[in-house]
Every structure is written in C-alpha cells, then in structure tokens.
Number of protein chains: 2
Amino acid sequence: MEFGRKLLKEGHMRVLLAIFVLFLLVSSGASGQSIPEVRLMPLPSSVRVETGGGLSITPTFSVGLEGYQDPRMERAVERFLRNVTRRTGLFVSADAVAAEKATLVIHTEHASKPVQELGEDESYVLEVSAAGAKLSAPNPLGILHGLQTFLQLIEVKPAGFAAPAVRIEDSPRFPSRGLMIDVSRHFIYMDTLKRNVDAMEAVKLNVLHLHLSDDQGFRLQSKEFPKLTEMGSDGQFYTEVEMRELIEYASEREIRVVPEFDMPGHSTAWFAGYPALSSGSGPYTIERRWGIFDPAMDPTRDDTYKFLDKFIGEMAAFFPDHYFHIGGDEVNGKQWDANPKIQEFKREHKLKDNQALQEYFTQRVEKIVSKHHKTMVGWDEILSPAMPEDIVIQSWRGQDSLAKAAQQGYRGLLSSGYYLDAMASAAKYYSVDPMSNADAALTPEQQKRILGGEAAAWAEFISDENNESRIWPRAAAVAERLWSPQQTQDVDSMYVRLAAVNQELEQLGLRQRSNLGVMLARMAGTEDIAALRVLAETVEPVSITIREKEAENAGGIQTSDIALDRMVDAVAPESEAARRFSVAVDRWVASNFQDAQAEAEIRGDLVAWRDNDAALQLLLQNSFLLKEISPVSQNLSSLAAAGLQALDYIEKKERGPEAWHTQQIALVQAAAKPTADLNLAIVPAVQKLIDASAK
Amino acid sequence: MEFGRKLLKEGHMRVLLAIFVLFLLVSSGASGQSIPEVRLMPLPSSVRVETGGGLSITPTFSVGLEGYQDPRMERAVERFLRNVTRRTGLFVSADAVAAEKATLVIHTEHASKPVQELGEDESYVLEVSAAGAKLSAPNPLGILHGLQTFLQLIEVKPAGFAAPAVRIEDSPRFPSRGLMIDVSRHFIYMDTLKRNVDAMEAVKLNVLHLHLSDDQGFRLQSKEFPKLTEMGSDGQFYTEVEMRELIEYASEREIRVVPEFDMPGHSTAWFAGYPALSSGSGPYTIERRWGIFDPAMDPTRDDTYKFLDKFIGEMAAFFPDHYFHIGGDEVNGKQWDANPKIQEFKREHKLKDNQALQEYFTQRVEKIVSKHHKTMVGWDEILSPAMPEDIVIQSWRGQDSLAKAAQQGYRGLLSSGYYLDAMASAAKYYSVDPMSNADAALTPEQQKRILGGEAAAWAEFISDENNESRIWPRAAAVAERLWSPQQTQDVDSMYVRLAAVNQELEQLGLRQRSNLGVMLARMAGTEDIAALRVLAETVEPVSITIREKEAENAGGIQTSDIALDRMVDAVAPESEAARRFSVAVDRWVASNFQDAQAEAEIRGDLVAWRDNDAALQLLLQNSFLLKEISPVSQNLSSLAAAGLQALDYIEKKERGPEAWHTQQIALVQAAAKPTADLNLAIVPAVQKLIDASAK
C-alpha cells in the first residue's frame, strides 16, 4: 500500500530534482557556457540573468511598436498575444497599444527583404525587468524570434505568471535551419504541416523543405501537367490554392518554403501520368514498396528538358523562395543500362559511366533552374566539378562530404545524422554538428559555406497521424544545435529544456503527445488505457532497417498500403521513463548504493513495471493490434522482477548466486531482442543492476 | 505492493465489466427498446442485429455511389474515407470507386434542397453484412447521417477492425437539433467552432446557433456598420470571409447556421459604436460584468428601425439559412422608464407597460425580418398574441411555456434544461424531454409544432480553450434525446455509448479531453502531472450561481477580464471516476456486501485517493494557481481514509462506534462544501459507505 504513495511522490520529486540539478548547473559556472536558469530552447547566444525581480504577466500585459512597422509584424504581435493567452490563460487584449504605455516595447529599425533571403540578419536583443520589457532588432526577423523567446520565458510561479529579469543578445550560428518533411511516401495533410510550422517558429527553424515527389507519390497539383497528380497521387495531393496558403502561413512566421521535386531517380510517380519521361517503357503505376527503384528520367531526350523547363518554370514562378531543390539522389542506372538508345548517347557524348550521364542531366537541369531565377539545391550526388559554384549541396553522406564540397567552393547543408525517422535519441541528434571537426580543416571562408542543416522526416513509417510525434520534440534538439553556440553541449540541461518545449508545443496546438494517446485508445477500443500507457512509455520503436528486416523475416514486405496503426507507431521515439530510470540507476551506482532517493525511484518504477502485465493481459487479447505486444508486456514484467531481486541482493549486501546471475543475463538478452518492432528501453539499466548485484 | 497491481487491474476489469453489462442489457430484451449491442450515439430508431459475421474493414475498403450524386456528396465521401483512416489507421484510398466494386454502396434517390430546410427528410437505411454494406436514403442528408453511423459501427476486435452485421432504419424524432454557442461573452476562435461542427456532425445535430452579440461583445463584422466590431469587440470578431467559410463548412456537414443578434436588450456592445440606438445617453463601453443590464434599444424612434432594417438586410443576405434569431430576452426596462420621451410614446400609443412596449418593438422587427425573407426566432419573451404564427419560440422557460406556445399555434424549441454551462451531468440533460408530459396535453398537430431543442453553451465561464470540454461529450446526450425514440431512456447504456463518443471525438480531432491536460500541465509548470490528474478526475466545477456567489463573498465579482485558468476551468464537468465509484458502491451495498469485485474496486480507488495528497502537496505550492486546491486535495485524502475505515468495519462485520460515525459525518459535511469552486464528486458515495458501516 505504501508503494502507491511512494510511486506518485517520486514522480514529482524527480521533476523538482531535475530543476534543482539545473540550478546547480547554473551556479557552477559564472558566465559564457554555463546554462542559465531559463528554460529556453534553442539557448540564446548570450543570456545574462539580472538581479531584481522578474516581470509579472497580468491581464493588462500589452505590446507597443516603435520604429519600423508593417502589417506582418502587426499580425505577428496579434498571434503572440493569443499565444500569451494560451501560455497563461490570461485574457490579454488582442490590440497593440502605444509604445509608451506598453509592457513590452518592440523597436525595429527597418524592413526585412520582401522575400525572405538566406543570411538575412536574424538577431535581436531582449531585456526584461520588473518594470517592463524591450525587444529590439534591426528588422522584423529578429523581432519574430524575440517574441518566441519572450513566450518561453513566461512561467508559472508561486506568485503568478512571470518572466525572469534577463538581458538576452541573440543571433543564430547558422543561417539555414531546416526541417524536411517527406509528404510523398505518406501523404501529410495541410493542417498537420501548419502545426509543424507553428513548432518550427517556436524553436527558430527557418526553412521548411517539402519533399513533394518520389516513387510513391506526386503531391502538388501542376497546371501544366495535371496528370502528375491525377495519376500519381491516389487522390492525395495539395492544390495550388492550398500550397499558396501554406507558403503564406510559413512566410508570416519567417519560414522559407523550399520545394523539392526529386529527379532523375525517385520519380516513378511522375511516370504514371507521363511515361514518355522515363528511360524505360511504361506503363507505370505508383510504387508501393520502399527502396531504390529502377525508373529514371531519360536524360538523353530533348523532350525531357522541354518538359522540365515548362514544369520548373511553373513551379519557380509559384514558389517565392530563391532556392529550388531537384533531389538528384540514388539513381541505380538500371533503366539507363537497359536502354540501347541511352547507351548510344553515352558513347556519342563520351560519357564514361552513369555518373557522368547524371552529371550531364544535372547540368542541363541547373541551366533551367537558373533561367527561372532560382538557385539549385540537391543531395550529394549533384556535386561535380562542372557545376557552378552557387548551387547548394544537402548532404546525406556526412560532414566529410560537406567539408570537401566547401573546399571545392560549394555551399552545403548537413542532413546526415539528422534523420528523425531513424528513431534515435534527442541526445544523439544533439551530438551531431554540421562542422564536426571541419572547422579545423577549413579556412574561415570555407567554413562560411556550411550554411547549417536540416532535420529530415522520411515517411516510410510516418503517417499523417503520427507525423508530429516523430518530429517533435526531438527536432528541437537539432534546432538548438543549428542556432546556439557550438559549445552548448550539456545534455542534461538539453533534456530539461526539451521537456519544456514539449509542453509549450501542445499549448500552441500541436498533437505530438495527445495523438499517441488517441492511437493507443483506438488499439484498445477503450479510453481506459492506464496500463497500456505504462507499457508504451517503456518501449521505443526499432530502427527502420530492423523493421524492414523483420517484415522480410516474416515473409512479407512493408509497403505504403500497410497501416501504421500498431504499437510501434503509437509510442514516442524516445522513452522518457527509461531515460530517467537509467539516470537514477547511474546515480545510485555512482553513489556506491548510498543514494536512498535514487534507490526509491528505481524501486518504485520496477514495482509498477513488474505488476503491469497482470493488469494488461486481459486488454491485449481483445484487440488484434495488441496481441503482438503480449510478450513485450511479459518481458517488462520479468525484467522488472529481476531488477527487484538484484536490488534486494544489493541492499542486503549479498552477492547474487552464480546460477541466478546466469539466468538473469539470459533473461536480459532475450528481452533485449526486438519484439513486435519494439525495443524495451529499460534493458541496459536493468542489466547494470544485475551486474552490480553479482559483484 | 499488491495494491498497485490490483488498482490497475481493476481499471480494466471495470471497462470489461461495463461492456459485459451492456451485453446483458441487450439479451434481456428481444426487440424494440432493448439496447442493441452497438455503440451508436444517438441510438437509431431501429437496429436489428443480424446473424452471420460482420464486415471486415481492410485497406481495400471502398465506397461507390449509385443514383443521384453531387459534389457535396463526393466531398462527404472523401471526408468519410479520411475518417475511416482516423478510426482504424488503415490507408483506405481517397477515391470513390464504381458501385459494383465497392465495399459500401451508397444509393441516393434525389437532391436535397439547395439551402437546407427545416423538416427535410433525414432518414436512411444502412445494411451491413459480411459481404458488404449498403446505405440508402431519399436524399444526401440521410446519406451523410448514415456515413456517421457506419463510422461509429467500426470497432477493433480480436480479429481486426469490423462493423457488425446490422440492419438500421433511422430517422430523427425532431427536425431541429441544435447547439447554441455563445461567442460574445468570451470569444471563440473559428478553428474551435469548426471542431464543434465536426462533433455535431458525428452525433447528428443539425443546427449551429451562434449567439453573436451581447452586452459583452459584438462578434461579426458588418459592412454597413463597421463600428459594431471596431468599438464593440476588443478586436475579437469574425470577418465576413471567416464566417462565410464557417457557414460553408457547416453546410458541407448538413448543419444549418442560425445567427442571433440579441435585441432590444443584451445590447451594450452595439451602443459602444452606435450610442444613438440606445434608450439612454451614452457614451457606452463594452460591459465587463455578467448579468442583466439596463441598456436597451430605443423602440420609439424610427431611426432605430432604419438602422435595424439596414443591418438585418445585410445579415439576412449574408446568412443563407431561412431563420433569423433576434434574441429578445431579459429586458429590465430601466432605461425605458428613465427616458421621458419613451414614457410619452407609451402613453400616446396606449402601451400599458414595458412588456407591451417590447411587443411593439418585436412586431416591427418581425416585419423587417419578414421583408428580408427570413422567419424570426426568439426567446420566450417575443411571444405575444399579435405575432404571426410562423415565428419560432426558443424556450429558456421550459416545457410548459413551450406547450402553451404550441397550443397558441406557435412552433418552438426547448433550451431550458439543456444549458451545458450549468455543469450538470449527462444523465440530467438526458432526462429532459422537449415534450415532457406535453404529448398528453397537445393534439398531434400541436405536438408537431415542437421542433426539437438546443443544447446551449453560455460563455460566462467558457473560454476558447475549454469550450470543447464544456460542450462535449455531454451535448451528445442531448443529441440522442432529440434524435432517438422517446422511450430510449437507459442511462447506463447511455454512459457506455457516451464514452465511445468521447473517444470518437478525439479521433476526429476534437480536444475536449486533451486540452484539459494541457491546462493542468500549464498550472503545474510541468508535464509530470499524474497526481494532479488523480485529483482533477474526482472533482467537478460548481454551478455558475455558486461560482458567482463565492466571488461576491470573497469581495470581488467575476468579469470577462478574469482568466479562466484555474482548476475549476480545467476539470471535466462530470467526474467519470466518481460516477463509476458510486455505481460500485451501490452494487456492493445492494449485494449486501457480498460482491467482492465491487469491494475490490472501491478499495482500490480509496487507497489511491487517500495517498494522493502526499504526492501532490509539493507541486501545489509551486504554482499560484494550484495553491487554492490544497484543501481539496486534503479533503479527498481524508474522505478516502474515512471510506477505508468504513470498509474495514463492514468487512469485519463490526459496527462503527457512534463517536467515530459522528466525526466522519462532520468530515463528510465539511468536504461537501465547495472549495476553490470545486465539488468533491465522491462525497455522496463515501457517505453511503459510512452510513452503511454504522448499521
């Protein structure tokens, strides 16, 4: 009976402890890279916590504009005021007031560019004191960022809502901070894209890169070539009206929208409507499988370029951004090899291999893109010495590839290491730096060519309904890596601030958490899913590679038709419960088993996990979707029981018998194997306990 | 330690038990008003469960149209298919197929009216078997309803998603089934209104009545009179473009939008911009308090009617619906009494009192409304023998008032008893019938004049963020009362189906549950709110009357400026946990304390509640918003402890000592007093336990 009590208490103790640890971190350093006691993400380049009280946020809170003003800023202030209401519940007036009367005064020097440009000044200065706040920036871009910072500063306190007294000087480390959303492999609805834009604004990402076409779907209506969507989208595409609305929505939040139309490979969906574009003979239908496929555009026919000129012309006029992404990745060359005319063309033009042929294609496409006043962006493969220096390379190959491109004079973006669909931890993404060690190898000028990076959400295993949970909050860790000074590296602090962002995003209307609950309830056929949640919170999805391998082993393959409504699709990519448990175990071990607080936490968790299976099994049998997790639930229970035994041995200062230890290790190894495409995330920490008990 | 286990297990047992009880109910009756084993809400007028298996819902699920077709139906099918995906996760194709190949064949006889009319045929027949499904209806209205029924039929089963084999013949009991949302007292954003429309469609409500103006705000832009919103809305209003979009959105879902502009009272916000309309001397500002206020339009000046003619003309042209609501309620007459010219006018026109004066006003306004080709609707006060018989009375006074109107030849709608902001239970609303005993007193023709009813969400204590939770799922109980046969009265069955609707609505994108979690986390400043949720789930908001009285007692008054971000604003209007607890207690008492299952449930809940306060107090002190619930948390704990003692006495077959009993009753009485505007909903059931232990 006492444990129920302890369990809940520990939960809160843990949060308070985490906050306390954060304070310790603060006081341990004096300035520079110590982590200030503000829950901001990304962390500003400079935060000085001022003495004197913070600013109380009350219903009379108001905003006034000084200096340069324009309608977009006015609308931004309106949205900001609505967000203050969302963050506090206070009914602050939606109208701006005269600057001299305002709680928050905004001073802007001049306009930003009519169409947002790469490398524009995004800096701002924010000063908050008990008397009021002042936000100043050279142009509206900095103001919009500063408003997001202010919003994050507002916290609930024992005396009311307040923002701490601070002076923040802030500007981004990299000018290009993006999120790529693959809307081709699974269609993502406009409302979901807009919620992503809201989240991007909150963490100061400034480029939404839409992967609009691939083998599995062509998602944007073209007036010139209507069959692209009529035959290549299963009826799931954006009209131009919808896309224009999204571009506007993003632009209001100072987010550039960069379209990608992948070519010459990854293009089966184009050929469903326009088979003559391809290097093989049709007919084609939309590809349902995942992988790299043979169909590729025919780079030898003038008609191909006529088509692309018309198409790119239409899209270049439609998308205001100065950059245009042509993909260019993963052409396997099989259709080219199989086509005698293409072989002959290669010989005629002395193109020694398919890489040379693709270079030829890319050069011609680049001329088309330039002609339509855009700068070309593409994946690593588009790089060749013949390309003009203004193109931008997006690297899925890694920092070395990027550094090499920079040495050759090309600008680049890092995406390798930022694939969110790989289901890695926030800490893992956080550790990836676009510079890596490149800063040592590159001259300052070459370093400037590294423009930033992009988190990427490839959609083999992402649907509209779990899209937000696969992107957020982990993308915020990438956002901080791209915005904050390179030395910002404290992972514990990052996780505390990530939790704050996670909460903020749901305030702003995102569904990265709540949608998972809806999916769990759907699987269970009831809303009474407490025990199911306990299990869900201890597991993580396996990597895509393992998921595909498992499907193969089971004699099937994954296709775009197969529903993403299993447990693996409805759990968060990273288990916060397991992370906290692991931190507690490390703390306990490091204290030489003296830290009673850590031990109580560990025991509380283990008891709950051990007992969960009994509560869950009945439910699992009622749903075909839940049956497969029955062994996972049993494993959780057995593991937790083993952990408790280990705890008891350690507490009694007994050494666990050899046979017991061997048996437990076998159990751990069995539980460590992915089941139902899920990893039990508590395995390593339980293993540590068992190992410790055998010493 | 054992209790943690038991607790979770009981949770699931309870759900399974509830479902089991439902099945018992089914098998207890043979036909007619027995409750069929389908979780539909509103319950159709006739459901026959067929033998033979149900229809498996797989990714190849498809819809084909036969007979009459139009673009709205095609879009409805598209939305339906997206909703099938939301309900199952299956990627069903968004395209309709040929009828002969479809899983669900839709047969429509003819078009519905271009602008939806009161009393159009809404019937449909839905047949589902293992081989497929057929939905037929005279017109698209029935088809749209039938699609919602089909969606609710889909459930997760041990073998997959399936719809049971049924034959449903369905049509509504009343032609007018509405939801009134007050957007004046607190502004409700368009996206929230659209989510309400989604929910209305799901439960077959067909009228969205918008209370667009009141003393506290004028919410729709007028081209003729721009100062109505410029000076009467605090910048919070709908543009015509936005409102047109909502009307279209609702019309797509066969929901009529009826606008209400309240006059001659409840009109301070009009006068902020147009003081000359009033009976007093201005200037006026938006009213911030709640209540009935003096300002009223001047019924004696021709300019008033010129203004209204222009205004009503503009709005009548703008809103396509045939009905136009002029409010007409609660004129206190003080401004009329104080104005000598108005007094003189009364004498001249032999208007014996203010009621006669309002009648004069209403008659003139009715002529204006008619002139603009609309039928006037208003609250009880507009009824007078001089009014033409085609007006519609919306009754806040009750069934008798409504029956009397029907006897006089007037049509009417019931809203009395359906005020959702009164925070009553779903069972309470469910028990209110528009006919009451009127069917006995009225002739069949008079009965037909009772058109239905409207759930109403007055917004003194409803903000945009808790709007959905104050309306849903309880409005679904009203929807069933207005749609299903009068004999549909089983409250237990209603609650089981209400839970299913609650789950469905979040699948459809509503936030009636998830937003409460966001609000709790905001109050706590952390997402780790397990213990806070436990408390939140045992309390209910007090009624508005008590809330206002308490504010007065505390020396203040409630105004529209005061934030709705307290615990009372963030808990569900009805405690499901308390309801289930109370059912278990009744079951246990009825079993003469033999039902071990019931006892285990009761004990599990009481232990969790008793221990919760210890886990919670730390958190409560960190937030100014949570401090006030500290005594509520303590009361929950003490009450639960008392309940456990009672349980022990009963179990041991001992009689609780007199002194103990007296002490516990004092405790219960103290806990029964509202604190922080919250009622501890478990009080009556705990009192039953204590009383039982003293016997």
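Residues numbered from 1 in each chain as written. Chains lettered and ligands numbered in written order. Predicted model: local features only at pLDDT ≥ 70, side-chain atom pairs only at ≥ 80, totals over all residues. Heavy atoms only, no water.

**Focus on the overall build of chain A**
This is how the line gets drawn: Numbering goes from the N terminus for both helices and strands, where a helix is a DSSP run of H or I of at least four residues and a strand is a run of E of at least two. In this setup the radius of gyration rests on C-alpha atoms only. A globule is expected at 2.2 Å times the number of residues raised to 0.38. Three labels apply to residues, based on accessible area from a 1.4 Å probe with only protein chains included: buried if under 20% of the type maximum, exposed if over 50%, partly exposed otherwise in between. Per-residue and other accessible areas follow the Shrake-Rupley method at a 1.4 Å probe size, with only the shown protein chains counted as cover for residues.
Looking only at helices and strands, chain A features 27 helices and 20 strands. In summary, chain A has a C-alpha radius of gyration of 27 Å against a globular reference of 26 Å for 695 residues, a match within 12%. Along the longest, intermediate and shortest principal axes, the C-alpha atoms of chain A span 80 × 70 × 50 Å. In chain A, which comprises 695 residues, the proportion classed as buried is 62%. When the accessible surface of chain A is summed, it comes to about 25,100 Å², and 52% of that surface belongs to carbon and sulfur atoms.

**Some thoughts on the environment of A:Gln594**
All names here are of chain A. The criterion, for reference: Between N or O atoms, a polar contact is any pair within 3.5 Å; within protein, one atom must be a potential hydrogen donor and the other a potential acceptor, and residues adjacent in sequence are included only when both atoms are from side chains.
Note that Gln 594 resides in the loop between helix 23 (576-590) and helix 24 (596-620). Overall, the relative accessible area of 58% leaves Gln 594 in the exposed class. Considered as a pair, Gln 594 and Glu 651 are 57 residues apart in the sequence and their alpha carbons are 9.6 Å apart. Polar side-chain contacts of Gln 594 include one of 3.1 Å to the backbone oxygen of Asn 592.

**Here we look at the interface of chain A and chain B**
What counts here: The contact criterion used is simple: two residues touch if any of their non-hydrogen atoms lie within 4.5 Å. Buried area, as used here, totals the accessible surface that two parts lose on assembly, with accessibility defined by a 1.4 Å probe and the loss added over both. What counts as a salt bridge is simple: a side-chain nitrogen of Lys or Arg found within 4 Å of a carboxyl oxygen of Asp or Glu.
Chain A puts 81 residues into the contact, and the matching count from chain B is 80 residues. Each partner contributes to the roughly 6,400 Å² buried at the junction of chain A and chain B, and carbon and sulfur atoms together form 57% of this total. Between chain A and chain B we count eight salt bridges in total. As a salt-bridge pair, B:Asp528 and A:Arg580 come within 3.2 Å of each other at their nearest N and O atoms.

**Observations concerning unusual backbone geometry**
Cis geometry marks the peptide bond from A:Met263 to A:Pro264, where omega comes out at -5 degrees. The phi torsion at B:Asp234 lies on the positive side, around 55 degrees, for a residue other than glycine. The topology assignment puts B:Asp234 in the loop between helix 5 (227-230) and helix 6 (240-252). We note that B:Glu330 has phi near 55 degrees; this positive angle belongs to a residue other than glycine. Of note, B:Glu330 is situated in the loop between strand 14 (323-327) and helix 9 (334-338).

**A closer look at the sheet that holds strand 2 (residues 55-56) of chain B**
Residue and element names in this part refer to chain B. Heads up, the condition is: The pairing criterion for strands is at least two bridges between them, as found by DSSP.
Strand order across the open sheet formed by three strands is 2-8-7, with antiparallel pairing between neighbours. Each edge of the open sheet is held by one strand with a lone partner, namely strand 2 and strand 7 (155-157). As paired elements, strand 7 and strand 8 (residues 160-163) share three bridges and run antiparallel to each other. Its bridge partner being in strand 8, Val 156 is matched across the sheet by Phe 161.

**Topic: the packing of aromatic side chains**
Residue and element names in this part refer to chain B. Convention followed: Classification of ring pairs uses Phe, Tyr and Trp, with its six-membered ring standing for Trp, and accepts pairs whose centres are within 6.5 Å; under 30 degrees between planes counts as stacked, over 60 as edge-to-face, and the remaining range as tilted.
Scanning the model with the defined rule gives 50 aromatic pairs over all chains in all. Ring centres of Phe 218 and Trp 270 lie 5.1 Å apart, and the angle between their planes is 85 degrees; on these two criteria the pair is classed as edge-to-face. You can see Phe 218 sitting in strand 12 (residues 217-218) and its partner Trp 270 sitting in helix 7 (residues 268-273), a full 52 residues away along the chain. By relative accessible area, Phe 218 is classed as buried at 0%. The class of Trp 270 is buried, set by a relative accessible area of 0%.

**Details of the relation of the copies chain A and chain B**
Filter applied, for reference: When the copies are superposed, the least-squares fit takes in the C-alpha atoms of residues with a pLDDT of at least 70 in both.
For the pair chain A and chain B, the relating rotation is 180 degrees, the translation along its axis is 0.0 Å, and the fit reaches an RMSD of 0.1 Å. The superposition operator between the copies reduces to a two-fold rotation axis. Counting the interface residues of chain A, we find that 99% of their copies in chain B are interface residues as well, pointing to one common contact surface.

**A short note on the pairing of strand 8 (residues 160-163) of chain A**
Residues and elements named next belong to chain A. Summarising the sheet, strand 2 (residues 55-56) and strand 8 pair through two bridges and their orientation is antiparallel. Residue pairing in the sheet places Leu 55 in a bridge with Ala 163 of strand 8. What sits between the antiparallel neighbours strand 7 (residues 155-157) and strand 8 is a turn of two residues.

**Comments concerning the side chain of A:His661**
Mapping A:His661 onto the fold places it in helix 26 (residues 658-672). Judged by its relative accessible area of 16%, A:His661 is buried.

**Topic: the confidence of the model for chain A**
Should pLDDT be low for a region, the predicted coordinates there are not to be read in detail. Residue and element names in this part refer to chain A. So the rule is basically this: One number per residue, pLDDT, summarises how confident the predictor is, and it ranges from 0 to 100.
When pLDDT is averaged along chain A, the result is 93; 95% of the residues meet or exceed 70. Between residues 1-33, whose pLDDT stays under 50, and residues either more than four places distant or in other chains, the model counts 55 contacts. Confidence estimates for the predicted assembly give a pTM of 0.93 and an ipTM of 0.91.

**Observations regarding the sheet that holds strand 2 of chain A**
Taken together, three strands build an open sheet; the order of strands is 2-8-7 (chain A) and the sheet is antiparallel. Every other strand in the sheet has two partners, leaving strand 2 and strand 7 of chain A as the edge strands with one partner each.

**Description of helix 8 (residues 302-318) of chain B**
Quick note on the threshold: To estimate how far a helix should extend, the number of its residues minus one is multiplied by 1.5 Å.
The terminal C-alpha atoms of helix 8 of chain B lie 24 Å apart, and with 17 residues this matches the ideal 24 Å at 1.5 Å per residue to within 8%. Looking at helix 8 of chain B, one finds that the buried residues are B:Thr304, B:Tyr305, B:Phe307, B:Leu308, B:Phe311, B:Ile312, B:Gly313, B:Glu314, B:Met315, B:Ala316 and B:Phe318.

**A closer look at the packing of helix 25 (residues 630-651) of chain A against helix 27 (residues 683-693) of chain A**
Residue and element names in this part refer to chain A. Rules: Note on geometry: axes are C-alpha line fits, over the in-contact stretch for helices, and angles between N-to-C directions span 0 to 180 degrees. In this scheme, a crossing is called left-handed if the near helix is turned counterclockwise away from the far one by less than a right angle; it is called right-handed if the turn is clockwise. Residue polarity is assigned by list, with Asp, Glu, Lys and Arg as charged and Ala, Val, Leu, Ile, Met, Phe, Trp, Tyr, Cys and Pro as nonpolar; anything else, Gly included, falls into the polar class.
Direction vectors running N to C along helix 25 and helix 27 enclose 30 degrees, while the axes themselves pass 8 Å from each other. The handedness of the crossing between helix 25 and helix 27 is left-handed. Contact with helix 25, carried on its side by Leu 639, Ala 642, Gly 643, Ala 646, Leu 647, Tyr 649 and Ile 650, involves Val 683, Val 686, Leu 689, Ile 690, Ala 692 and Ser 693 of helix 27 and no other residues of that element. Partitioned by chemical class, the residues of the contact of helix 25 with helix 27 number 11 nonpolar, two polar and no charged.

**Considerations on the environment of B:Asp595**
All names here are of chain B. Inspection of the secondary structure puts Asp 595 in the loop between helix 22 (576-590) and helix 23 (596-620). Measuring from C-alpha to C-alpha, the distance between Asp 595 and Val 585 comes to 10.0 Å, with 10 residues separating the pair along the chain. Within the local environment of Asp 595, its side chain forms a polar contact with the backbone nitrogen of Ala 598, the two atoms lying 2.9 Å apart.

**Section: the packing of helix 8 (residues 302-318) of chain A against helix 11 (residues 354-371) of chain A**
A pair of packed helices is captured by two measures, namely the crossing angle of their axes and the spacing between those axes. Residue and element names in this part refer to chain A. Relative orientation of the contacting elements helix 8 and helix 11 amounts to 35 degrees, with a least axis distance of 10 Å. With respect to the hand of their crossing, helix 8 and helix 11 are arranged in right-handed fashion. Note on element contacts: helix 11 touches helix 8 through Tyr 360, Phe 361, Arg 364, Val 365, Ile 368, Val 369 and Lys 371, opposite Asp 302, Thr 304, Tyr 305, Leu 308, Asp 309 and Ile 312.

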